[in-house]
Amino acid sequence: GVVGRGFPHVVRGVARAAETVRGRVLPPGATDSERFARQCTGCQVCTANCPAGIIKPSPFGFGPVRLEYSQNGCEYNCTRCNAVCPSGALQPLELVDKQWLKIGEARVELLKCRIVKDGIACGLCARACPKDAIFMMDGPDGFGVPEVAAFHCIGCGVCQAICPAAPKAITVKAIDQQPMGY
């Protein structure tokens, strides 16, 4: 009957939800895309409570939330989304654990960087990084160019948000969330 038709529909819905988050940087405490897609109800409690405004609803209005780093990055001293998540999709985190949780990894495309492309000194990304994971290496015309120390990068997106290049020269790529040693 109805249950037989309903279950495959639910399975397809979860599979579609997992597809919407696969390859995306997920909020801290999401752990992995499949678990997050199953648990996140799209209730928007985290979006309403994110002080940086980076947690956004699913593009289709159904399914898991996503992170958007175009204007801001994940605030280093904040665990609000973890504290308010009613479904358990975002696991509770102590601040020190969140500050060492790798949710993504910044990557630099030097040909898009203003330093290389336009010969303009910059370094905003390195100055903004709360983990000092971005440093300046010798580059053209005596300007330093950004380099990411992947081991230190937690994927907070502050560097991507502050990058003035269009398109962005530094972007955060998704990874399976893993705590860093401390």
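Refer to the preceding data block for the structure.
Residues numbered from 1 in each chain as written. Predicted model: local features only at pLDDT ≥ 70, side-chain atom pairs only at ≥ 80, totals over all residues. Heavy atoms only, no water.

**Let's talk about the pattern of salt bridges**
Inference 1: Inspection of the entire model under this criterion finds four salt bridges.
Inference 2: A salt bridge links Arg66 to Glu68, with the nearest nitrogen and oxygen atoms 3.8 Å apart.
Inference 3: Exposure remark for Arg66: the relative accessible area of 18% places this residue in the buried category.
Inference 4: Between Glu105 and Lys102 there is a salt bridge, and its shortest N-O distance comes to 3.3 Å. (Salt bridge = Lys/Arg side-chain N within 4 Å of Asp/Glu carboxyl O. Buried < 20%, exposed > 50% of the residue type's maximum accessible area, 1.4 Å probe, protein only.)

**Quick word on the packing of aromatic side chains**
Inference 1: For the coordinates displayed, the defined rule picks out zero aromatic pairs.
Inference 2: When the ring centre of Trp100 is taken as origin, the NZ or CZ atom of Lys131, which lies over that ring, is 3.5 Å away. (Phe/Tyr/Trp six-rings, centres within 6.5 Å; stacked < 30°, edge-to-face > 60°. Lys NZ or Arg CZ within 6 Å of the ring centre and 35° of its normal.)

**Notes on a nonpolar patch on the surface**
Inference 1: On the surface, a nonpolar cluster with roughly 270 Å² of combined accessible area is contributed by Leu110, Leu111 and Val116.
Inference 2: The topology assignment puts Leu110 in the loop between strand E3 (101–108) and helix H6 (114–117).
Inference 3: In this structure Leu110 comes out as partly exposed when scored by relative accessible area, which is 33%. (Patch = residues over 30% accessible without salt bridge, like charges linked within 9 Å, V, L, I, M, F, W, Y side chains within 5 Å. Areas by Shrake-Rupley, 256 points an atom, 1.4 Å probe, with all protein chains shown as cover. Helix = DSSP H or I, 4+ residues; strand = E, 2+ residues; numbered from the N terminus.)

**Comments concerning unusual backbone geometry**
Inference 1: With an omega of 0°, the peptide bond running from Ala166 to Pro167 counts as cis.
Inference 2: With respect to the helices, strands and loops of the structure, Pro167 is situated in the loop between helix H8 (158–162) and strand E6 (170–179).
Inference 3: Of note, Gln44 is a non-glycine position whose phi angle comes to about 75°, a positive value.
Inference 4: Tracing the backbone through its elements, the reader meets Gln44 in the loop between helix H2 (33–39) and helix H3 (45–49).

**As for the environment of Tyr69**
Inference 1: Looking at where Tyr69 falls in the secondary structure, it is placed in the loop between strand E2 (66–67) and helix H4 (80–84).
Inference 2: Overall, the relative accessible area of 5% leaves Tyr69 in the buried class.
Inference 3: Remark: the alpha-carbon pair of Tyr69 and Ile162, spanning 93 residues in sequence, is separated by 9.2 Å.
Inference 4: When near neighbours in sequence (up to four residues on either side) are disregarded, Tyr69 contacts Val25, Ile54, Cys74, Ile103, Gly155, Cys156, Gly157, Gln160, Ala161 and Val172.
Inference 5: Here the side chain of Tyr69 touches Gly155 through a polar contact of 2.7 Å, landing on its backbone oxygen. (Contact = heavy atoms within 4.5 Å. Polar contact = N/O pair within 3.5 Å; in protein donor to acceptor, adjacent residues only side chain to side chain.)

**Examining the side chain of Lys131**
Inference 1: Examined against the element boundaries, Lys131 turns out to sit in the loop between helix H7 (124–128) and strand E4 (134–138).
Inference 2: Asp132 is the oppositely charged side chain nearest to the buried, salt-bridge-free Lys131, at an N-O distance of 9.0 Å.
Inference 3: Sequence-distant contacts of Lys131, that is, excluding residues within four places in its chain, are made with Tyr76, Gln99, Trp100, His152 and Ile154. (Lys, Arg positive; Asp, Glu negative; His and termini not counted.)

**What to know about the nonpolar core**
Inference 1: Counting residues in each nonpolar core, the largest one holds 39 residues, and the members touching the most others are Phe36, Ile54, Ile55, Ile134 and Ile170.
Inference 2: For this core, the secondary-structure elements that each account for two or more residues are E3, H7, strand E5 (144–148) and E6.
Inference 3: If sequence neighbours within four positions are ignored, Ile54 has contacts with Arg66, Leu67, Glu68, Tyr69, Asn72, Gly73 and Cys74. (Core = buried A, V, L, I, M, F, W, Y, C linked by side-chain atoms within 4.5 Å.)

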